[in-house]
Amino acid sequence: MSGVTSINLVENALLVSIQDDVTDTEILDLQETLSNRIAKENVKGVILDISSLEIVDTFVGRVIAQLAGISRLLAAETYVVGMRPAVAVTLVELGMYLPETRTALSLTHALSQLRRA
Amino acid sequence: MPQTATANILTILETDFSGVVEEWLGTQVKEGVKRSDLFSDSESRAQNQELLKAFGKGVRAGVVNEEFSLDDDAWEDLRAVLADVSKERVSRGVTPTEMATFVLALKAPLFKRLEAMPGVEGMKLIRDVLMVTRLVDAFAIHTNEIFIGERDQIIERQRQEMLELSTPVVELWDRVLTLPLIGTLDSARAQEVMENLLQTILERQAEVVIMDITGVGTVDTQVAQHLLRAAAAVRLMGAECIISGISPMIAQTMVQLGIDVGTVSTRSSIRTALSDALQRVGYVIKKNEAS
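Residues numbered from 1 in each chain as written. Chains lettered and ligands numbered in written order. Predicted model: local features only at pLDDT ≥ 70, side-chain atom pairs only at ≥ 80, totals over all residues.

For chain B, an unreviewed UniProt entry supplies the name STAS domain-containing protein and the organism Salipiger mangrovisoli.

As recorded in an unreviewed UniProt entry, chain A goes by the name STAS domain-containing protein, listed as coming from Salipiger mangrovisoli.

**Observations regarding helix α2 (residues 17–31) of chain B**
All names here are of chain B. Put simply, the rule reads: Put simply, DSSP H or I for four residues or longer makes a helix, DSSP E for two residues or longer makes a strand, and each gets a number counted from the N terminus. Here the expected length of a helix is defined as 1.5 Å per residue gap, with one fewer gap than residues. Buried residues are those with 20 or more other C-beta atoms within 10 Å of their own C-beta, exposed residues have 12 or fewer, and partly exposed residues lie in between; C-beta atoms are placed from the backbone. An arc is given here, and it is the one of the directions from the helix axis to the C-beta atoms.
With 15 residues, α2 should reach 21 Å at 1.5 Å per residue; the first-to-last C-alpha distance of 21 Å fits that figure. Along α2, the residues classified as buried are Val 20, Val 21, Trp 24, Thr 27 and Gln 28. Viewed along the axis of α2, the buried residues span an arc of 125°, placing them on a single side of the element. Among the exposed residues of α2, those oriented more than 90 degrees off its buried face are Ser 18, Val 29 and Lys 30.

**Topic: the confidence of the model for chain B**
Predicted coordinates in areas of low pLDDT are best not read in detail. Residue and element names in this part refer to chain B. Selection rule: Every residue is assigned a pLDDT by the predictor, reflecting its confidence on a scale from 0 to 100.
Across chain B, the average pLDDT comes to 85, with 97% of residues at or above 70. Element-level mean pLDDT values for chain B span from 79 in helix α1 (residues 4–15) up to 94 in strand β4 (residues 240–244). Per the prediction output, this complex has pTM 0.64; the corresponding ipTM is 0.84.

**What about the sheet that holds strand β1 (residues 170–173) of chain B?**
Residues and elements named next belong to chain B. Our working rule: Paired strands, as defined in this entry, are two strands with at least two bridges between them according to DSSP. Placing a C-beta atom from the backbone of each residue, one calls two residues in contact when those atoms lie within 7 Å. A fitted line through C-alpha atoms represents every axis, and for helices the fit uses only the stretch in contact; the resulting angles, taken between N-to-C directions, go from 0 to 180 degrees.
Strand order across the open sheet formed by five strands is β1-β2-β3-β4-β5, with mixed pairing between neighbours. Each having just a single partner strand, β1 and β5 (265–266) make up the two edges of the open sheet. Along the sheet face, helix α9 (residues 221–237) touches β3 (208–215) and β4 and points at about 155° away from the line of β4. Across the face of the sheet, helix α11 (residues 270–280) comes into contact with β1, β2 (176–182), β3 and β4 while running at roughly 180° to β3.

**Structural notes on α9(B)**
Between its first and last C-alpha atoms α9(B) spans 24 Å; for 17 residues at 1.5 Å apiece the expected length is 24 Å, and the two agree. Among the 17 residues of α9(B), 12 are classified as buried, and the element is accordingly described as predominantly covered. Lining the buried residues of α9(B) we find α3 (85–93) and β5 (102–104) of chain A together with α8 (187–204), β3, β4 and α10 (248–256) of chain B. Trailing α9(B) by a residue or two, B:Gly238 shows a phi angle of about 105°, which is positive.

**Let's talk about the interface of chain A and chain B**
Operational definition: Classes in brief: Ala, Val, Leu, Ile, Met, Phe, Trp, Tyr, Cys and Pro nonpolar; Asp, Glu, Lys and Arg charged; the others, Gly included, polar.
Taken together, the contact pairs 13 residues of chain A with 15 residues of chain B. Elements represented by at least two residues in the side of chain A that touches chain B include exactly α3 and β5 of chain A. Here the side of chain A that touches chain B takes five residues from α3(A), the largest share from any one element. When the residues that make up the side of chain A that touches chain B are grouped by side-chain class, the tally is 11 nonpolar, two polar and no charged.

So this is what it looks like as structure tokens:
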């Protein structure tokens, strides 16, 4: 696993913090590591914390969508939390509405939604 | 020593300054551009005197070998006076035509005096007339430019004010925001509205946002596109978006245009939207039975 991106188990979900300086290779590695851990630890959800992400491009957008797709297949819901306004505007402008992910304002919100689910 | 090209003009301005001013005023009256309703006689006279003095100063120092540019330092006085006069006139509602004719009216008195000058005839007269024409034309063009610049500034200021006025994000309740949209929603405004809204969601940690379009006159594909994009961005931030104020008329138009709102909730009135929003953040509105 890369040094800048961490995966931690929080309650019944995996919390993934994506840092701003994440590289394309690291994010692809993440996909691999994450899918293994979802299967192994049998979690209900994956929370992608992108609050430190200031810039997104179509690549990052697509990877997020793919992460959500993989989690879905492994029976875990994906929550994207802490998206910055500028990032939201950019993704909408790129036409990436991320319909397969759930979104929440913060980690707390995502966890409470997961508990209810 | 003044150059030969402008010597005659300068002589006229020096020997018969007040005569030219009076006749300039007279021509303005004749052309119907002297707005007695907006300016008193003494005001107009003072303005004309000042302009002509600055003009004379420019002609004396700013014309070299029959060439000149109103952007030179020598014309600074004229530019300054002109800026003042134009600002005054714009604020009192003078039209561009009146403004241009007002300056061009200076030609007639100057031509008349050149004609009457001893020894000025034939080719020499034509040359002098040409010089006056070029000077006054440049003067008039510059006036119009300043005039339009003034107007542009007013328009720009009003546009800015409208933009700011028209995008308030109001916190209705804990974690419930509303955005009352009024007027037309073009790309620039939609962008402004969206950024404003997303920033407020972040600051207030809002969970539900009501976008009310009661005040939006017409919804076409473009406007719907803007609304849905804003709603998508709101969802990405982790909040929920309700579009309210969809009148029966607008609902019909949207269906006829084939606009699909997807998963965005829509309500006909802000009232139902509010009660839904409160429910989602865990509140209920209850009638007080005791009263």
